[in-house]
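Per-entry structural report
Single-letter residue listing:
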Amino acid sequence: MPIHFDESKKIFKLDTKSSTYAFLVYNGGFLVHLYYGAKLPDNNLKHLMYRGWFDSLSPYAEGVDDPRFAVDINPMEYSTNGAGDFRISACAVRGRDGNTVTDLRYVSHKITKGKPKLPGLPATFAKENEAETLEIETVDEVTGVKVFLFYTVFEDYGVMTRSVRAENGGKFPVELEQLYSACIDFPAMDMDMVHLYGKWAKENTTARHPLQHGIQAIRSKRGMTGPNHNPFLALVDHTATEETGNAYGVNLVYSGNFSIEVEVDTRGCPRVLAGIDPESFRWRLEPGESFVSPEAVMVYSEHGLGGMSRTFHHFYLDHLMRSEWTKKKRPLLINSWEAAFFDFDGDKLVEFAREAKELGIEMLVMDDGWFGNRFDDHRALGDWTVNEEKLGGTLGELTDRVNALGIKFGIWYEPEMINPDSDLYRAHPDWAICAPGRKKSLSRHQCVLDMTRQDVRDHIFHQMESVLSKANIAYIKWDCNRHISEAASLELPPERQGEFFHRYVLGVYDLMDRITTAFPHILLENCSSGGGRFDAGMMYYSPQIWASDNTDAIERLTIQFGASLCYPIAAIGAHVSANPRTDIVTRGNVAMCGTFGYELDPRKLTPEEKEIVKKQVRDYHKYYDLIRFGDFYRITSPTEDPFVCDWEFVSRDKNEVLFTRVIMRRPENLYQHQRLRGLDPDKLYTDEDTGEVYSGALLMHAGLDLSGTPGWRWLQDGESMVKHFSAC
Ligand code: GLA
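This write-up is about the structure you can find in this document. (Residues numbered from 1 in each chain as written. Predicted model: local features only at pLDDT ≥ 70, side-chain atom pairs only at ≥ 80, totals over all residues. Heavy atoms only, no water.)

For the rest of this paragraph, the subject is the overall build of the chain. Counting secondary structure elements, the chain contains 14 helices and 39 strands. Relative to the globule expectation of 27 Å for 728 residues, the C-alpha radius of gyration of the chain, 27 Å, shows essentially globular dimensions. Overall, the chain is about 85 × 70 × 45 Å in size when its C-alpha atoms are taken along their principal axes. The buried share of the chain, reckoned over its 728 residues, is 62%. In the chain, the share of contacts with a sequence separation of at least 24, taken over all contacts with a separation of at least 6, comes to 68%. (Helix = DSSP H or I, 4+ residues; strand = E, 2+ residues; numbered from the N terminus. Rg over C-alpha atoms; globule rule 2.2 N^0.38 Å. Buried < 20%, exposed > 50% of the residue type's maximum accessible area, 1.4 Å probe, protein only. Contact = heavy atoms within 4.5 Å.)

In structure tokens, the structure reads:
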């Protein structure tokens, strides 16, 4: 039983194969956090609650026997606002009296098999025998608001998920002002904060710095998660490395405005909150109504950042990404964007497909420009009717021509957007988001559709359905190229405008759910000006996300390595483009550390490049399972080492190994050994290039001599090499 309640001590203990999480019901029904970390055999954990002594400036609650107990000093399981805990609060509810004092106390709990669904939200899933869920009911006596805390334990993974449901059990309306999905209080520890920041063409860049006293936060107020901060944060020991030390990761399964905050209090104890960004959120609950928060996924690993990442990867492949394409072999695609931009017609696409077929590529994706009057990015978003004049026939005819060559066909959409120069806008100007009395700001010449509205979603769905059902479409790239300003919905009354942003995200999820349910065999790839919505919420629907419009192989290393901190390699969209800074071999090797595909005009490849592409296609198939379902090891980091980037995939059974080295900038003296990781020390591995046999112990402890490879030479800037080993 991974979840255990000790009735006499009132302690909840949640165990996975590698971690323990514990909290206590303390007198007066306070939920006091006790521990999160490496697995503990003990049940006697109560003493862990005291993290400081009485402080005259920290109030203690009335009616509590223990004079040492103050909610401001002790680690709290789900902190509330205004009732004596002056640190950041997970929950604040405004009642009919107008104040936001909130004091949640334990009422009851239940433990069930499996995991309940979160209505309207993407979330991790489990069969009855795969997880266990603890549901704690708490109540604020004055407002009557009940807050249910959900904890699902995935014992075999070292993972716990959390979410919260607030229910108005009182007689009067209330307003939720803050409802974080998770709150975690840590004891005083020297920890670093690791997170992902960026911008367009520089997404998911890793940052690591020591926690400071005070509040540090990452967040989005952009309506989407955005490339600026990813809804992922890790706290690690100062001394933690890729493979050693305590690492705690938290990731939101959410695609909207979020906030992950850490407050280090005066005692040096960090508190982490993760959930919907409270600054852009208010939710009115009438009596009897409920609100469900998005899910937070929590991973603990005692094997450093690498251990944490591998846990996220396997867990998401098994329990988040629900598409049938998650584990099924995906067709190797070529995308038309960088090859043609808006300048294509049906014949050109058929030529691309013919060339692609010669190279072994399996699918052609027609990017932006196939619909309405879309000859550039100034117009036609919202008019999802096929431009048959441009394509030289119907979409069905074009897909038939491409399919006849043995190539599948995919298309691009940007369903949430509308250009002022579009038939849709001319018919429904009020469908574009804008606050009354204000001017609409444009971004890439476009506005955002009010996805909170059912009529808007229905219209877009029917347009898409009509196109998708008339042609043999195997793939959709779902783009989203601007963020939301002047946010308001004309459909919502003034007292509910605070609900706009979350309702927008629910609307997007609803449309994605309808499309993926109506067309379950279509492979969906998410995109947002590159990796601007690279989050676990999107991954629930789309098993791959275009990681960046930046296709320079060297800069991609930082982007893909950052994304891999939390997200599986199988989800990281990566293509070989015509970007000339590195040769096509290196571009292929880097894209191989992702979904792999092409984004170039295949007619322009030289005969020599075509032979290289054919080899890459063979490698794509050869290493498909190893790369997607194996263990990923970041050996050197492109954000720390300016010269060399090394990584490695090891199959789960430790029988196969793929090592890759990219020289970002050649140093004066480049050491030609590298120690491999994650092998079985007792197994013997054959070097595919030389036929030499080495033990796993030798490859891990003494290292691999790269200069022993036939044809080896000093690699220059931007060059790369790959080594493959199989256990014999
Ligand atoms: C965004 C995407 C690109 C491409 C264009 C089309 O920028 O990131 O890959 O699809 O839109 O307009």
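If you walk through the whole model with that rule in mind, you get 14 cavities of 30 Å³ or more. In terms of lining, the largest cavity is formed by 15 residues, of which the most central are Phe 30, Met 76, Tyr 78, Thr 80 and Leu 104. Tallied by class, the residues present in the lining of the largest cavity amount to eight nonpolar, four polar and three charged. (1 Å grid on protein atoms, 1.4 Å probe; cavity = no way out; pocket = protein on both sides within 12 Å on 5 of 7 lines; lining within 4 Å. Points joined across faces, edges and corners; volume = space filled by probe spheres on them. Nonpolar A, V, L, I, M, F, W, Y, C, P; charged D, E, K, R; others polar.)

Next up on the list: the pattern of salt bridges. Here the structure, examined in full by the defined rule, presents 59 salt bridges. The residue Asp 347 makes a salt bridge to Arg 401 at a minimum N-O spacing of 2.8 Å. Here Asp 347 is found in helix 3 (residues 346-359), whereas its partner Arg 401 is found in helix 5 (residues 395-404), with 54 residues between them in sequence. The class of Arg 401 is partly exposed, set by a relative accessible area of 35%. (Salt bridge = Lys/Arg side-chain N within 4 Å of Asp/Glu carboxyl O.)

Once that is clear, we can look at the site of the ligand. Taken together, 13 residues sit near the ligand, with Asp 367, Asp 368, Lys 477, Gly 530 and Asp 549 positioned nearest. The contact in question runs from an oxygen atom of the ligand to an N or O atom on the side chain of Asp 479, over 2.9 Å. Measuring from an oxygen atom of the ligand, one finds a backbone N or O atom of Gly 530 at 2.9 Å. Here the ligand loses 96% of its free accessible area of 310 Å² to cover by the protein chains. (Near = heavy atom within 4 Å. Polar contact = N/O pair within 3.5 Å; in protein donor to acceptor, adjacent residues only side chain to side chain. Areas by Shrake-Rupley, 256 points an atom, 1.4 Å probe, with all protein chains shown as cover.)

Turning to the side chain of Arg 310, a few remarks are in order. Within the secondary structure, Arg 310 is located in helix 1 (residues 304-319). With relative accessibility at 10%, the residue Arg 310 sits in the buried group. In this structure the side chain of Arg 310 is engaged in a polar contact, spanning 3.0 Å, whose partner is the backbone oxygen of Phe 632.

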